[in-house]
Structures are given as structure tokens and as C-alpha cells.
Amino acid sequence: MRVFNFSAGPAVLPLEVLEQARDEMTDWNGGGMSVMEISHRSKAFVAVAQQAEADLRELLSIPTSYKVLFLQGGATGQFSAVPLNLAAEGATVSYVNTGAWSKKAIGEARRYNKVGIAADAADSGYNTVPALQTWTIDPAAAYLHYTPNETIGGVEFPFVPAAGSVAGGGSVIPLVADMSSTILSRPIDVSRFGLIYAGAQKNIGPAGITVVIVREDLIGRARPATPTVFDYKAMADDGSMLNTPPTFGWYFAGLVFKWLKRQGGLAAMAERNRAKAERLYAAIDASGFYRNPVAKNARSWMNVPFTLARPELDKEFLAQAGKTGLANLEGHRSVGGMRASLYNAMPLEGVNALVEFMQEFQRRHA
Ligand SMILES: Cc1ncc(COP(=O)(O)O)c(C=O)c1O
């Protein structure tokens with residue numbers, strides 16, 4: 001029996017897609033083999049790879065002046081690949097710190113470059129997004145990096161920093177975004193970004209593949225010591241097949257992209273995601289028993305952390321939720337409490353079931 005899975009990642013995947021992958025598992029495309037058992041260089045697999053890219057381009061309206069790469073190493077690999085590819089040795093890079101994942105990205109970047117902090121949400125306990133007017137961006141920075149959705153804190157940017165506001169020295173500083181936990185949750189204007197990256201294991205597919213969308217003019221200047229598998233130009237020139245890619249993850253991502261198109265694309269997903277998040281936040285705010293600490297304008301659609309008025313009930317809450325078919329609601333180990341992740345594949349019925357359970361639990365324990 002399937003449960004409603006609120007895991008932050010690896011996370012729930014669309015049932016329809018899981019069933020299709022199951023049906024095709026041992027005999028894909030009539031070839032008598034699974035898609036995992038064929039060469040990544042075979043005509044059949046190259047077609048899968050190219051179709052996945054085409055569908056992703058269509059979903060996100062990615063301009064032709066951007067390369068789409070399917071890499072390995074996760075978003076964490078990109079924490080290093082970004083400075084290695086976009087910043088010369090000795091250059092300054094600029095980062096916005098809004099929580100745990102920003103901090104990890106900053107920590108890696110410091111191994112390669114001098115990092116300036118453009119804005120810091122530490123003072124608010126990482127419960128807000130600092131207003132753009134307060135940012136101080138080094139005009140000489142090679143790029144400006146931010147995390148549009150902080151998966152652990154549940155903080156999501158209500159705006160994309162305007163290109164003009166990150167202008168320095170007469171040129172516009174490329175904007176780099178770690179979209180791991182928000183990509184494909186709503187339409188975005190890719191042309192506002194120099195580079196977008198995302199690990200797959202939330203809204204794209206199984207863990208093991210990392211999507212990088214990068215403006216063409218930013219590639220081709222990787223530092224000599226950059227591992228070749230992280231060199232955007234080398235990977236772009238080879239169709240992300242400089243070495244063996246995670247073929248199953250790429251195939252599966254392609255099925256998810258097709259599923260998203262059948263759902264009506266990202267505008268339709270945005271409507272659904274907004275409705276799901278609003279339902280849960282409204283229930284939390286009205287309860288007087290559950291609490292979400294994030295400023296209202298910065299609340300994430302994808303990850304909703306919340307606490308109980310009586311933390312001693314946390315264990316019981318989780319145990320009973322589990323028995324009701326509501327799985328993986330435990331908050332991140334660093335913050336405790338609860339967290340409900342509402343990625344694309346979580347239906348509204350799952351959120352309704354969670355809200356009903358929360359109300360019932362409160363009635364019994366308040
Ligand atoms: C926003 C964000 N960035 C980076 C990561 C790290 O991704 P990976 O485990 O693919 O390296 C995560 C993982 O949950 C994340 O949520």
C-alpha cells in the first residue's frame with residue numbers, strides 16, 4: 001500500500017511514473033533488456049537523453065543560449081563546480097546566506113575563492129529573506145549565489161533578485177541559484193539567471209543526477225585543476241556523456257518531465273503547489289497548537305516545518321501519523337520538530353489527510 005510520503009528528499013515520485021518504470025523494468029522499448037542494461041552511447045539511449053532535455057527545455061522555456069547538463073555529484077558537487085567554473089583564482093564571489101544549504105555552499109566556495117556575504121538572515125534566526133535593498137554585493141564579484149528555497153528552514157524567496165540590482169562595474173553579475181528543492185514547482189524566467197543547478201531527488205527523479213542550466217557565455221573558463229567531469233564546457237561538448245552518466249536516473253527524469261507536461265506544465269503545478277501550501281499553513285496558523293516560524297512572505301511551498309505546542313508529544317505525533325499512512329514527517333535532525341515536504345508528486349489529498357490528522361491529534365492532546 002502506498003502512503004503519503006512527506007520526505008524532504010529523496011522524496012515522493014509520481015505513482016504513474018513509478019508504475020511505468022516498473023512495467024518497463026525488464027523489457028524496455030521491446031529490446032528484451034532494461035534501460036539500465038544498454039550502452040549510454042546506443043542510439044536508443046541517446047534518444048531518451050535528448051528527449052528528456054527537450055522536455056525540460058519546454059517545461060522551463062529555457063532559451064537556446066543556455067546549455068542543459070545532466071551531471072553527477074549532486075548539488076553538493078555543484079557547490080564546488082560553480083566557483084571552479086565561474087570564478088578565477090583570486091576572484092571574489094558573493095553569497096546570500098539564508099540557512100543551512102546556503103551555509104554549505106558558502107563553506108565549499110571558501111575553499112576556492114574569497115567569499116563576500118551579500119546578505120545574511122542569521123539575525124532573524126533564518127526565518128526571513130533579507131530585503132533586496134539591504135544587500136551589499138561586491139561589484140567585482142564573479143557571481144552572486146543564493147538558495148531560492150531552503151529545504152531545512154522552509155524559507156523560500158518571494159522574488160528573484162533583479163539583474164539590475166546585481167549590476168556592478170557596468171556589467172551585470174551572473175546570478176547563480178541552487179534550485180534543488182524548488183525547481184519545476186512553478187514557472188521561472190531562466191533568462192534572469194546565469195546558472196541554475198538542482199539535485200534530482202525532490203522534483204526531478206531518483207537521486208544520482210544533477211541538472212545544470214548554464215548560460216553559454218559563462219562556460220569555457222574552468223580553472224585548470226577542475227575535475228573534467230565538473231568542467232561545464234567539457235560536459236556540454238560531450239552531451240553530458242564524457243563518462244557514463246546515471247542512465248536510469250536520466251531516463252526516469254525524462255518520464256517525470258513527460259508527466260509534468262501531462263499535468264498541464266509548470267503553471268498548473270504552481271496552482272496546485274500554492275493550494276497545497278496555503279491549506280497547510282492556514283491550518284497551522286489557525287490551530288493555536290502548531291506553529292511555523294517563517295515570515296509569511298518567505299514561507300516555502302515545498303517544505304513546511306512546524307512545531308507542536310507541547311514538544312514532548314513529538315514522538316507520539318510521528319508514531320500516530322505513521323500509523324495513519326502519513327510518513328516521514330520528522331523535522332531535519334538539526335532543527336527537530338516536524339517538516340512536511342509538499343513536492344510536485346504530493347497530491348492535495350495527502351495534504352488534506354495531514355491536516356485532518358493534525359486537527360484530530362490536537363483535539364486529543366491540546
Ligand atoms: C537546497 C539544497 N541544496 C543542496 C542539497 C544537497 O544535495 P545533494 O545531496 O544532491 O548533494 C540539498 C539536499 O537536500 C538541498 O535541499
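For the structure itself, look to the data block above.
Residues numbered from 1 in each chain as written. Predicted model: local features only at pLDDT ≥ 70, side-chain atom pairs only at ≥ 80, totals over all residues. Heavy atoms only, no water.

If you had to explain the overall build of the protein chain to someone new, which residues and values would you point to?
Secondary structure assignment for the protein chain yields 9 helices and 16 strands. For the protein chain, the C-alpha radius of gyration of 21 Å lies close to 21 Å, the compact-globule estimate for 366 residues. With the C-alpha coordinates of the protein chain rotated into their principal frame, the extents come out at 60 × 60 × 30 Å. For the protein chain, restricting intrachain contacts to residue pairs at least 6 apart in sequence, the fraction spanning at least 24 positions comes to 68%. Within the structure as shown, the protein chain displays about 15300 Å² of accessible surface, and the carbon and sulfur contribution to it stands at 52%. Put simply, the protein chain has 35 plus and 33 minus side-chain charges, and the middle of one group is 3 Å from the middle of the other. (Helix = DSSP H or I, 4+ residues; strand = E, 2+ residues; numbered from the N terminus. Rg over C-alpha atoms; globule rule 2.2 N^0.38 Å. Contact = heavy atoms within 4.5 Å. Areas by Shrake-Rupley, 256 points an atom, 1.4 Å probe, with all protein chains shown as cover. Lys, Arg positive; Asp, Glu negative; His and termini not counted. Charge placed at Lys NZ, Arg CZ, Asp CG, Glu CD.)

Got a sec to walk through the sheet that holds strand S10 (residues 175-178)? Specific residues and values, please.
In spatial order, the strands read S2-S12-S11-S10-S5-S3-S4; together these 7 strands make up an open sheet with mixed pairing. Two strands in the sheet have a free side with no partner beyond their single neighbour: strand S2 (66-71) and strand S4 (114-120). Neighbour-to-neighbour, the strand axes of this sheet turn through a mean angle of 20 degrees, independent of strand direction. On the sheet, helix H2 (residues 43-60) packs against S2 and strand S12 (210-215) and is oriented at approximately 125 degrees with respect to S2. (Pairing = 2+ DSSP bridges. Axes fitted to C-alpha atoms, helices over the stretch in contact; angles between N-to-C directions.)

Describe the site of the ligand, and please don't skip the residues or the numbers.
Every residue close to the ligand is listed here: Gly74, Ala75, Thr76, Phe79, Trp101, Asn149, Thr151, Asp178, Ser180, Ser181, Gln201 and Lys202. Note that an oxygen atom of the ligand is positioned 2.5 Å from one of the side-chain N or O atoms of Thr76. Within the contact set of the ligand, an oxygen atom lies 2.9 Å away from a side-chain nitrogen or oxygen of Gln201. Here the ligand loses 84% of its free accessible area of 390 Å² to cover by the protein chains. (Near = heavy atom within 4 Å. Polar contact = N/O pair within 3.5 Å; in protein donor to acceptor, adjacent residues only side chain to side chain.)

Run through the pairing of strand S3 (residues 92-97), naming residues and quoting values.
The buried fraction of S3 amounts to 6 of the 6 residues, a majority that puts the element mostly inside the structure. The alternating pattern of S3 places Thr92, Ser94 and Val96 and Val93, Tyr95 and Asn97 on opposite faces, both of which are buried. The pairing of S3 with S4 spans 6 bridges and is parallel. For Val93, the partnering residue across the bridge sits in S4 and is Val115. Read as a crossover between parallel neighbours, the route from S3 over helix H4 (residues 100-109) to S4 is right-handed. Summarising the sheet, S3 and strand S5 (residues 144-146) pair through 2 bridges and their orientation is parallel. Bridging across to S5, Tyr95 finds its partner in His145. (Buried < 20%, exposed > 50% of the residue type's maximum accessible area, 1.4 Å probe, protein only. Right-handed = clockwise from strand over helix to strand, strands pointing away.)

Distances and angles like these do not, on their own, reveal function.
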